[in-house]
Amino acid sequence: MKFNILRYDPDQDQKPYFKEYDIALEPSDRMLLDALIRIKSVDDTLALRRSCREGVCGSDAMNINGKNGLACVTKISDLKEPVVLKPLPGLPIIRDLIVDMTQFFKQYHSIKPFVINHDTPPETERLQSPTDRLELDGLYECILCACCSTACPSFWWNPDKFVGPAGLLAAYRFIADTRDQATNERLDNLEDPYRLFRCHTIMNCVDVCPKGLNPSLAIGKIKEMMVKRGV
Amino acid sequence: MVSITKTDKQPVGAHYGWREWLAQRVTAVIMALFAIIIFGFFVIKSEISYQDWKALFGSQLFRVLALLFLISVYYHAWIGVRDVLMDYIKPTAIRVTLQVMVILSLVSFTIWSIAILWAQ
């Protein structure tokens, strides 16, 4: 199977270049990650991140034939040859398919991704009714692979100011949480033409999310809450 | 050796945004409604003469509706162009200059629109 993989080692290369690979796959190689590990057995200089190999850790996010996705849950049989692999767009390349996610996590941390509750902690957990808990479905499943934010043009142009789809989905996850008491502070923090309103509902995030989540919907709900609060 | 790099503080929370976001949607609805009215006029009068057109704009109500439509266009355009400038133009001085130029143009268009609609 033919692959075109973007290679870049800042210590050696002037600029990134594509390297072609023609690899004989084994019948047990079903996912793109299997193929990449096969390539690595031939050319161990290829650098990539991977860990759980089942779409849970979010390490092996990359641009696959022009679309962001996780190599470990992308079926080889669905891919058109040559398979063009690039690192996630918009973030600095550390080496080959590995990008520097600092900016991405900085935005994620800026929304305070934890429950803020000033009450005395109870003896056991803070309980929720099943209906309240249902609100978190489609929000808590995010694995922070960065496929969405790095597919978002608004995040490409303003990664330092725009929180991005992953961060905003997480923000809404805590806004929607009945145990969280900082809803107003969270809305205040996001009420900004750059932090939230750079989202132009392009919906690339929804298109690429390997977990099938919908950041656009969550962002829409944050905007709706802001209008309800202010109008 | 410890290298200390320059840290850029990124203040956040300009505390505006949703009004513009809502206004863009409201103005879009106004433009759509006016477009339907105009389209209706074209359907009813299959052949439009100068007299028909003059009679339509002779009505005070229609002039007000047309002005509301045009103001919606300009306000909608302001938010849209402002967004484009915020997306792509990084240096603050250039962005502000361009934004002021857009505002001045749109305000001029508004005054000009009034002059045209109420011209004798």
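Residues take numbers from 1 onward in each chain, read along the sequence in its written order. Chain labels run from A onward and ligand labels from 1 onward, assigned in the order the entries are written. Thresholds applied to this predicted model are a pLDDT of at least 70 for local features of residues and 80 or more for the giving and counting of side-chain atom pairs; totals over whole chains, interfaces and linings are not thresholded and use all residues. The basis for every side-chain value is the complete set of non-hydrogen atoms in the structure, without hydrogens or water.

Colleague: Report on the nonpolar core, specifying residues and quantitative values.
Modeller: With 67 residues, the main nonpolar core has Phe3(A), Ile5(A), Leu32(A), Leu36(A), Leu85(A), Leu190(A) and Ile222(A) as its most contacted residues. Looking at this core element by element, the count peaks at 7 residues for helix H5 (residues 164-175) of chain A. Of all hydrophobic cores here, the second largest spans 8 residues; its members include Ile38(B), Phe41(B), Ala66(B) and Leu117(B). What makes a nonpolar core is a set of buried Ala, Val, Leu, Ile, Met, Phe, Trp, Tyr and Cys residues whose side-chain atoms join them at distances within 4.5 Å. Only protein chains enter the accessibility calculation, which uses a 1.4 Å probe; a residue whose area is less than 20% of its type maximum is buried, one above 50% is exposed, and one in between is partly exposed. Helix numbers and strand numbers start at the N terminus; a helix is a DSSP run of H or I with at least 4 residues, a strand a run of E with at least 2.

Colleague: Pulling in residues and values, what's your account of the sheet that holds strand E1 (residues 2-7) of chain A?
Modeller: Residues and elements named next belong to chain A. Read across the open sheet, the 5 strands follow the order E2-E1-E5-E3-E4; overall the sheet is mixed. Pairing within the sheet leaves two strands with one partner each, and these edge strands are strand E2 (17-22) and strand E4 (67-70). Averaged over all adjacent pairs, the angle separating strand axes in this sheet is 30°, with direction ignored. One ladder, built from 2 bridges, connects strand E3 (residues 61-64) with strand E5 (residues 83-86); its direction is antiparallel. Its bridge partner being in E5, Ile64 is matched across the sheet by Leu85. With respect to the sheet, helix H1 (residues 32-42) is in contact with E1, E2, E3 and E5, its orientation differing from that of E1 by roughly 75°. Between any two strands, at least two bridges found by DSSP are needed for them to pair. Whenever a helix is involved, its axis is fitted only over the stretch in contact; in every case the axis is a line through C-alpha atoms, and angles between N-to-C directions fall within 0 to 180 degrees. Here, residues are in contact when the closest pair of their heavy atoms is within 4.5 Å.

Colleague: Mind laying out the interface of chain B and chain A, listing which residues take part and the relevant values?
Modeller: It is common to report an interface's size as the accessible area lost on association of the parts. Chain B puts 18 residues into the contact, and the matching count from chain A is 19 residues. By convention, the term buried area covers the 1.4 Å-probe accessible surface removed from two parts as they join, with the contributions of both added. Taken together, the two surfaces of chain B and chain A that pack against each other cover about 1,900 Å², and 54% of this comes from carbon and sulfur. By the criterion of area lost to chain A, the three top residues of chain B are Trp18(B), Trp21(B) and Asp87(B), representing 34% of everything that side buries. Any carboxyl oxygen of Asp or Glu that lies within 4 Å of a side-chain nitrogen of Lys or Arg is treated as forming a salt bridge with it. Put simply, chain B and chain A have 2 salt bridges between them.

Colleague: Residues and numbers for the packing of aromatic side chains, please.
Modeller: Put simply, two rings from Phe, Tyr or Trp (the six-membered ring, in Trp's case) pair if the centres are within 6.5 Å, and we call them stacked under 30 degrees between planes, edge-to-face over 60, tilted for the rest. The full count for this structure, using the stated rule, is 12 aromatic pairs over all chains. Ring geometry for Phe41(B) versus Phe42(B): centroids 6.1 Å apart, planes at 55°, classification tilted. You can call Phe41(B) buried: its relative accessible area is 13%. Ring-over charges, as used throughout, are those where CZ of Arg or NZ of Lys falls within 6 Å of the ring centre and within 35 degrees of the ring normal. Against the face of Phe174(A) rests Arg173(A), its NZ or CZ located 4.3 Å from the ring centre. Above the ring of Tyr194(A), the side-chain terminus of Arg198(A) is found at 5.3 Å from the ring centroid.

Colleague: Give a description of the side chain of Asn63(A) that names residues and reports values.
Modeller: All names here are of chain A. Structurally, the position occupied by Asn63 is in strand E3. Polar contacts involving the side chain of Asn63 include one to the side chain of Asn68, which spans 2.9 Å. Residues within four places of Asn63 in sequence aside, it is in contact with Asn68, Val84, Leu85, Lys86, Pro87, Leu88 and Pro89. In protein, a polar contact means a hydrogen-donor-capable atom and an acceptor-capable atom, both N or O and within 3.5 Å, with residues adjacent in sequence counting only if both atoms are side-chain atoms; elsewhere, any N or O pair within 3.5 Å suffices.

Colleague: Tell me what's going on with the state of the cysteines, and back it up with residues and numbers.
Modeller: Criterion for a disulfide: a pair of cysteine sulfur atoms at a distance within 2.5 Å. Applying the stated rule across the entire model yields 0 disulfides over all chains. The thiol of Cys52(A) is unpaired, and the distance to the nearest cysteine sulfur, on Cys57(A), comes to 3.7 Å.

Colleague: I'd love a proper account of the packing of helix H8 (residues 215-230) of chain A against helix H1 (residues 18-44) of chain B, names of residues and values included.
Modeller: Two elements in contact, H8(A) and H1(B), have axes separated by 10 Å at closest approach and are oriented at 100°. One element, H8(A), and the other, H1(B), form an angle in the roughly perpendicular class. Only Trp18(B), Arg19(B), Trp21(B) and Leu22(B) of H1(B) make contact with H8(A), whose side of the interface consists of Lys223(A), Met226(A), Val227(A) and Gly230(A). Of the residues belonging to the contact of H8(A) with H1(B), the class tally is 5 nonpolar, 1 polar and 2 charged. Here is the rule for angles: anything less than 35 degrees is roughly parallel, anything more than 145 is roughly antiparallel, 65 through 115 is roughly perpendicular, and the remaining ranges are oblique. When residues are grouped by polarity, Ala, Val, Leu, Ile, Met, Phe, Trp, Tyr, Cys and Pro land in nonpolar, Asp, Glu, Lys and Arg in charged, and all others, Gly among them, in polar.

Colleague: Requested: an account of the pairing of E4(A), with residues and values cited.
Modeller: Residues and elements named next belong to chain A. Bridging between E3 and E4 involves 4 bridges; their strand directions are antiparallel. Looking across to E4, one finds that Ile64 is bridged to Lys67. Between E3 and E4, which pair antiparallel and follow one another directly, the connecting turn spans 2 residues, one of which, Asn65, has a positive phi of 45°.

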